[in-house]
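Here's the letter readout for the chains.
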Amino acid sequence: MVDPVVSRPDVDVIVIGGGVNGTGVARDASLRGLRVALFERNDIAFGASGNSSGMIHGGPRYLTYDPDVTYTSCLDSGHIQHIAPHLLFRIPFLMPVHERPGSVFELFGLDSFFSLYDRYQPLKHGKPHVRLTAEEVRRLEPGIVGKLAGGITFDEWGIDGVRLCIGSAVDAAEHGAEIRTHCTVTGLLREGQRVTGVEFRDLRSGSAGTRTARVVINATGAWAPLTMAASAVESPRARVRPGKGIHVYFDRRLTNYAIAAKAIDGRQVFLEPWQNMSVIGTTDDDFYGNLDDCIATTEEVRYLVQAVARVFPAVQDARAIGTWAGVRPTLWEWGPNEDALSRDHRIVDHAADGADGLYSMVGGKLASYRLFAEEMTDEVGRRLGVTAKSTSHTSPLPGGEEQVDPLTLATEYGVDPTAATRLEYRHGSRSRRVLDRIRDVPSEAAVVCPCEPVLEAEIRYVVQQEWASNVEDVSRRTRLGSGSCGGMRCAARCGAIVSEMMGESPAVGRRSALDFMERAARRRAPALSMFQAQQEALAIADVRSSLGLESWKTES
Amino acid sequence: MKLAIIGGGAAGTAAAWCARRAGADVTLFFDRPGATSLCSGALDQLPWEQAAADPPLAPDVLAFTAAFEAWTVGTRSARVATYAGILRPTRGADTALLDVEAIAGKRVAVVDAPIDGHDGRALARSLSAGAWATKTGTRFEAVAVSGILEPSEERLPAFDVACLHDSRERAARLAECLRRADARADAWLVGPWLGASAGAAEGVRKLLGKAVGETTSPPGGVAGSRFEASRDALLSSLGVTVRRARVHALSGHASSFRLNVAGAEHEADAVVLAIGGMASGGIALSPAGAADALSPSVRAPVLVGMSGNVLMAASGGGPDWAALGIPALERVGILGDGAAARGAEGVFVAGDALADRPRTVLECVRAGIEAATRAAGRD
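Residues numbered from 1 in each chain as written. Chains lettered and ligands numbered in written order. Predicted model: local features only at pLDDT ≥ 70, side-chain atom pairs only at ≥ 80, totals over all residues. Heavy atoms only, no water.

Student: Describe the overall build of chain B, naming the residues involved and giving the relevant values.
Tutor: Helix and strand content of chain B: 9 helices and 20 strands. Across the 379 residues in chain B, those meeting the buried criterion constitute 56%. Intrachain contacts of chain B at a sequence separation of at least 6 include 71% that bridge at least 24 residues. Roughly 14400 Å² of accessible area belongs to chain B as shown, and the carbon and sulfur atoms make up 51% of that amount. (Helix = DSSP H or I, 4+ residues; strand = E, 2+ residues; numbered from the N terminus. Buried < 20%, exposed > 50% of the residue type's maximum accessible area, 1.4 Å probe, protein only. Contact = heavy atoms within 4.5 Å. Areas by Shrake-Rupley, 256 points an atom, 1.4 Å probe, with all protein chains shown as cover.)

This is the structure:
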């Protein structure tokens, strides 16, 4: 232990990584009165947390071989609903069973299986499953084809993973935590075997610095190998098996129910209604590419669309407008195929690796992040002699304090009702803080991104309150530019707003808009139809010419 | 002489104008809007970032643009404001755009009103911060303007607002709103919503008695609509037969061609392919391999890909689609420049259909004229 009289460390806990685990542990520790600093190399929820299926499902898939994961997922899903009710929406699932030899038994098997799952449903306020006749399946989703034997419906919860992470980070900051995004940890500070802090570099300003702490937590998910290399710590127990998962999304909701389908290799995939669009997911493949630039491929898109098209052929004519890709930090194991890997989580104390005071959070799922964070903070508390218990399951996340009615907001503040509804989803009761800006500056009621839609007030709010510093950060927090136009209509204007707020020149804002559009185009391209891709290439060339290709260098 | 022109963008329209002047019997086919219909309103000869040494325009190109109502190409370069807030040089422009070269050193009022996508304050800030404004001492000031729209119209898309201003009453109302907001401004910069038809902007200028003009249009904005309106008027006055249908296949050679148009046959003595690049989707050529034998009318490196027997002329721009594995845009064949290619007798290619980068509007006009000149046998 550091002698508190001689040298008091800057903070108690340093968290590396701004995903759901990192922000979760930063929040839990801050709520217990610990002083926390969090460093994130990219942006909050940049990796798997912001690119997941957007569900805090109970994991029926794990019921047969990992029932503990199902139990903890369901339990924690219930807690998340309690602390952030505004972020959750019900996704009813439909599993059609096609007529073939043995389909009667398949249906019977599913029925029994979901009867078992029903026992866990009350934990997450879910509804019991229902066995359906072929006629009922067709009535619920007329787009399903094939001769049906029947089907099953069951119930899961959807969530915006980015908003969940932002909520945790904001709550942590409001309890004293320092949150630094676009700031990478370059090494550990040590005194012999003991880890006493980190060295970091701010990737925007280029400036470097150090922070001392009593405990350092590595919550970098799939980036763990990079973190360990930078830390010069070797630890086989903290190894992850990186599994890339992609999703394809459409310009609108295609169905009311999430529909399960089987891919060519027998894997289960689904088409789910999610926020204001539909999403197909997901793949699971070992990934060893550049984590900072992980993008879906055309083959992955075809694999998913082909799978869903077998039960829901209309998906082929629907307008796919983009993809997202993330890399799961699954617990490392040699041998099993990707789907069979455990979704459990593990805390690794690196004292045995010659790095006392360093911990790694390995594995985990979005649905059970809170529990994982609580366990990690308990471990930290034991070490530091802090007896406070976790309150992360009872104290609301920012925006979850009370329910507000979006239509009342729309009338009260005179904004577009659709915009108010979307805003309320993202910010819950804090929507009022966003909209109060309009009281002061009425022009901030302008709709900047018409697809989502996003108001100017929200852009300014996320820059001021949620660490957004460029167009892509704003998009991640607000879904600006995530609709069918890919930011063509809003990126330039958003860049102008952000640069003004950051005290940067308008040219920096244009550069930021262009960067966003280029990245968005690369993520969208694998999903677009040929004609759409052609039109989009043209339009991007046009926007680029209006932003000025190289002029930002000379005109600033 | 029966000439079939495929494509209704800048190249196809210029080709039709030129061929009619040469006395040919012209039928023009087009289906979907292409690059010119998405244009920003700036008319370049070279991509504007390289336009420092802009060569003089050919007399034919000037004659065409003079006949084209929506466009103005003067003897000197113009300078326009993009909707993203930069001032960029351009050889010519849609007549509705504000040419700031003409008002250098003066005070320009930028409309600040809640109209779709328009942010007057950000625009004024960004334009004032640019090098040209500083050098010439031109001031851009956001001026709040109220009353342009009825409350019920406040959520209309910019394009619909432009359509409103096609009516005389609404144009007069706009002029009055501007006058009331700031009577002493030297000029007014507004968003791309002065009118969807050519000539509406001129009406507002006359009413106000000073320079009023738009920024460039975003993709799919009104500049493209004004191009289409002027094109339709020009083609009609020239007596060109226009068929809005997709040409599915082209066969034949030398001086006898058959076009398969929506199931029916059309005959022609010569063909101008002005089918665009990325936006087109190409046409089927028969026999397969005919792409080897196209006769380009622009001297430039040409990239032509074949997907099945569908011609794909890739003109770049945007992301590298090929690297992303999009098979339809695979670039498999490279033709030499005009001199090196074996000519497919009677087929002439113009515009974006053969280019290693997106062609500018005036380049397409020149290529269209050159293709038609050759097709009509005047060369």
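Having put the structure on the table, let's press on.
Student: How would you sum up the overall build of chain A? Please name residues and give values.
Tutor: Per the secondary structure count, chain A includes 17 helices and 19 strands. Taking 24 Å as the expected radius of gyration for a compact globule of 556 residues, we find that chain A reaches 24 Å, a close match to that expectation. Once the C-alpha set of chain A is aligned to its principal axes, its extents read approximately 75 × 55 × 45 Å. Buried residues in chain A amount to 63% of all 556 residues. Summarising the internal contacts of chain A: among those between residues at least 6 apart in sequence, 72% fall at separations of at least 24. With an accessible surface of roughly 20800 Å², chain A has 53% of that area assigned to carbon and sulfur atoms. Each charge class in chain A can be summarised by its mean position, and for the 63 positive and 71 negative side chains these summaries are 1 Å apart. (Rg over C-alpha atoms; globule rule 2.2 N^0.38 Å. Lys, Arg positive; Asp, Glu negative; His and termini not counted. Charge placed at Lys NZ, Arg CZ, Asp CG, Glu CD.)

Student: Summarise the packing of helix α6 (residues 168-181) of chain B against helix α7 (residues 200-208) of chain B; cite the residues concerned and give the values.
Tutor: Residue and element names in this part refer to chain B. Where α6 contacts α7, the two axes come as close as 9 Å, and the packing angle between them is 45°. Between α6 and α7, the angle is such that the two are oblique. Note that α6 runs across α7; the crossing there is right-handed. Judged by residue contacts, Ala171, Ala172, Leu174, Ala175, Leu178 and Arg179 of α6 engage Val204, Leu207 and Leu208 from α7. The residue inventory of the contact of α6 with α7, partitioned by class, reads 8 nonpolar, no polar and 1 charged. (Axes fitted to C-alpha atoms, helices over the stretch in contact; angles between N-to-C directions. Parallel < 35°, antiparallel > 145°, perpendicular 65-115°, else oblique. Left-handed = near helix turned anticlockwise from the far one by under 90°. Nonpolar A, V, L, I, M, F, W, Y, C, P; charged D, E, K, R; others polar.)

Student: A description of the sheet that holds strand β3 (residues 42-43) of chain B should follow, citing residues and the corresponding values.
Tutor: Residues and elements named next belong to chain B. Pairing is antiparallel across the open sheet formed by 3 strands, whose spatial order is β3-β5-β4. This sheet does not close on itself; its edge strands, each paired only once, are β3 and β4 (71-81). Of the strand pairs in this sheet, β4 and strand β5 (residues 87-94) are connected by 7 bridges, and their pairing is antiparallel. Paired with Trp71 across the bridge in β5 is Asp94. (Pairing = 2+ DSSP bridges.)

Student: Please set out the sheet that holds strand β9 (residues 211-214) of chain B residue by residue, giving values where relevant.
Tutor: Residue and element names in this part refer to chain B. Spatially, 4 strands are ordered β7-β6-β8-β9 in an open sheet, and the strand pairing comes out parallel. In the strand order of this sheet, the two ends are held by β7 (139-144) and β9, each with one partner. For this sheet, the mean angle separating the axes of adjacent strands, direction not counted, is 30°.

Student: Quick one: what's the story with the confidence of the model for chain B, residue by residue and with numbers?
Tutor: Residues and elements named next belong to chain B. Within chain B, residue pLDDT values average 81, and 79% of them lie at 70 or more. The secondary structure element of chain B with the lowest average pLDDT is strand β19 (residues 333-335), at 27, and the one with the highest is strand β8 (residues 187-190), at 98. In this model residues 299-343 is a low-confidence stretch, pLDDT under 50, and it forms 116 contacts with partners more than four residues away in sequence or in other chains. Across the assembled chains, the prediction reports ipTM 0.79 with pTM 0.88. (pLDDT = per-residue confidence, 0-100.)

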